[in-house]
Amino acid sequence: MDKILLLEDDVSLIDGLTYSLRRQGYELDVVRTVAEALALLPNLSQYVLLLLDVTLPDGTGFEVCERVRAQNQRIPIIFLTASDEEVSIIRGLDSGGDDYMTKPFKLGELCSRIRALLRRAGVAKPAPSEIIQCGDTQIDLLGSRAYLDGRPLDLTGAEYRLLCLLVRNAGRVVTRDTILSELWDDAGNYVDGNTLSVYVRRLREKVEADPSHPLHLLTVRGFGYQWKEVSP
């Protein structure tokens, strides 16, 4: 897996980022001080991207970024900070940062920006498989196509991403918050709760013989949705 280095001292944010990024297929190493981050600079080649908090107990993420750039390292760097003041943003970009996110932020947006930076840097994240098979449902990841019992499904981009997320987690409940975060796309299009309900309804109309009595896409009231494997 592609490995990311996170410099952050907020435990709750560390937990959220670790969970979200690992679900996206990234491995995460965490350091909580500038000193710990600087100690890893000789081994920087093992990482594809740096996530740097700005305000740390012993300094700033700007210092780490400047040291990295002084070594002519072009690894992508995203700053995470509680300050949205223009002077702070300029400082981050001038020190060599590639992007800047102000807390609190949507984890889905962060993942989108990470993917965009890695594409520009020429880093391809390996896909674990080209085909996902779940009962009578098949997803061709390379072709971005989905089939139900051998029949191609006519899906929009958002419906396809929703189907992929649910099928990857078949048998498990996927919360609405998780889906809302994951459906933030690379163009920055945000999906709200009402829109998600529409996507679910439309996807049911395409995968269920009787959408009023679904067999595949089940609602778990108060939590989210679950994809149930149905044999062909």
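For the structure itself, consult the block above.
The text that follows walks through the structure, step by step, so that each part is easy to find. Note that the structure is a prediction, hence the values are computed from the model and not measured.

### A look at the nonpolar core
Then comes step 1: Among the nonpolar cores identified, the biggest contains 27 residues, and I139, L162, L163, L166, I179 and W227 are the most heavily contacted of them.
Then comes step 2: At the level of elements, β8 (131–134), β10 (145–148), α6 (157–168), α7 (176–182), α8 (193–207) and β14 (224–227) are the ones that each hand at least two residues to this core.
Then comes step 3: No other element matches the eight residues that α6 contributes to this core.
Then comes step 4: Apart from the residues within four sequence positions on either side, I139 is in contact with E130, I131, I132, R145, A146, Y160, L163, C164 and V167.

### Remarks on the sheet that holds strand β11 (residues 151–152)
Then comes step 1: The strand order β8-β9-β10-β11 describes an open sheet built from four strands, whose pairing is antiparallel. Across the chains shown, the open sheet's two edge strands, defined by having one partner strand only, are β8 and β11.
Then comes step 2: When strand β9 (residues 137–140) meets β10, the two strands line up antiparallel, connected through four bridges. Residue pairing across strands places I139 opposite A146, the latter belonging to β10.
Then comes step 3: Along the sheet, α6 contacts β8, β9 and β10; its crossing angle with β9, the most-contacted strand, is approximately 120°.

### Some remarks on the side chain of E208
Then comes step 1: Tracing the sequence through the fold places E208 in the loop between α8 and β13 (217–220).
Then comes step 2: At 5.2 Å, R204 is the nearest oppositely charged side chain to E208, a buried residue that forms no salt bridge.
Then comes step 3: Looking at E208, its side chain comes within polar contact range of the main-chain nitrogen of L217, at 2.9 Å.
Then comes step 4: When neighbours within four sequence positions are excluded, E208 is seen to be in contact with P214, L215, H216 and L217.

### Concerning the pattern of salt bridges
If charged atoms from side chains of opposite charge come close, those side chains can pair.
Then comes step 1: According to the stated counting rule, one finds nine salt bridges in the structure shown.
Then comes step 2: Between K103 and D53 there is a salt bridge, and its shortest N-O distance comes to 3.1 Å. One end of the pair, K103, is in the loop between β7 (99–102) and α5 (107–120); the other, D53, is in strand β3 (residues 49–53), and 50 residues separate them in sequence.
Then comes step 3: With a shortest N-O distance of 3.1 Å, D140 and R145 are connected by a salt bridge.
Then comes step 4: Accessibility expressed as a relative area gives 14% for D140, which makes it buried.
Then comes step 5: The class for R145 is partly exposed, based on a relative accessible area of 43%.

### Here's the deal with α6
Then comes step 1: Taking 1.5 Å per residue, 12 residues should reach 16 Å; α6 reaches 17 Å between its end C-alpha atoms and fits that length.
Then comes step 2: Most of α6 is tucked away, with nine of its 12 residues classed as buried.
Then comes step 3: Among all positions in α6, only A158, E159, Y160, L162, L163, C164, L165, L166 and V167 are buried.

### A look at unusual backbone geometry
Then comes step 1: Here the amide bond leading from K103 into P104 is cis, since omega sits at -5°, within 30 degrees of zero.
Then comes step 2: With respect to the secondary-structure elements, P104 resides in the loop between β7 and α5.
Then comes step 3: Even without a glycine there, the phi angle at D149 is positive, about 55°.
Then comes step 4: For D149, a relative accessible area of 56% translates into the label exposed.

Criteria and thresholds
- Each chain has its residues counted from 1, running along the sequence as written.
- Totals for whole chains, interfaces and linings use every residue, but because this is a predicted model, local features are given only for residues with pLDDT of at least 70 and side-chain atom pairs only at 80 or more, for both listing and counting.
- Note that water and hydrogens are dropped before the side-chain values are worked out from all heavy atoms of the structure.
- Among buried residues, those of type Ala, Val, Leu, Ile, Met, Phe, Trp, Tyr and Cys that are joined through side-chain atoms within 4.5 Å constitute a nonpolar core.
- Buried means the residue's accessible area, taken with a 1.4 Å probe over protein chains only, is under 20% of the maximum for its type, while exposed means over 50%, and partly exposed covers the values in between.
- Helix numbering and strand numbering both begin at the N terminus, where a helix is a DSSP run of H or I of at least 4 residues and a strand a DSSP run of E of at least 2.
- Should any heavy atoms of two residues lie within 4.5 Å, those residues are considered in contact.
- For two strands to pair, DSSP has to find at least two bridges joining them.
- Inter-axis angles, ranging from 0 to 180 degrees, are taken between N-to-C directions of lines fitted to C-alpha atoms, where helices are fitted over the stretch in contact.
- For the purpose of counting charges, residues Lys and Arg are taken to be positive, whereas Asp and Glu are taken to be negative. His and the chain ends are not included.
- Any Lys or Arg side-chain nitrogen found within 4 Å of a carboxyl oxygen on Asp or Glu counts as a salt bridge.
- The definition of a polar contact used here is a pair of N or O atoms within 3.5 Å, where within protein one atom must be able to donate a hydrogen and the other to accept one, and adjacent residues in sequence count solely through side-chain atom pairs.
- Expected helix span is taken as 1.5 Å per residue step, with the number of steps being one fewer than the number of residues.

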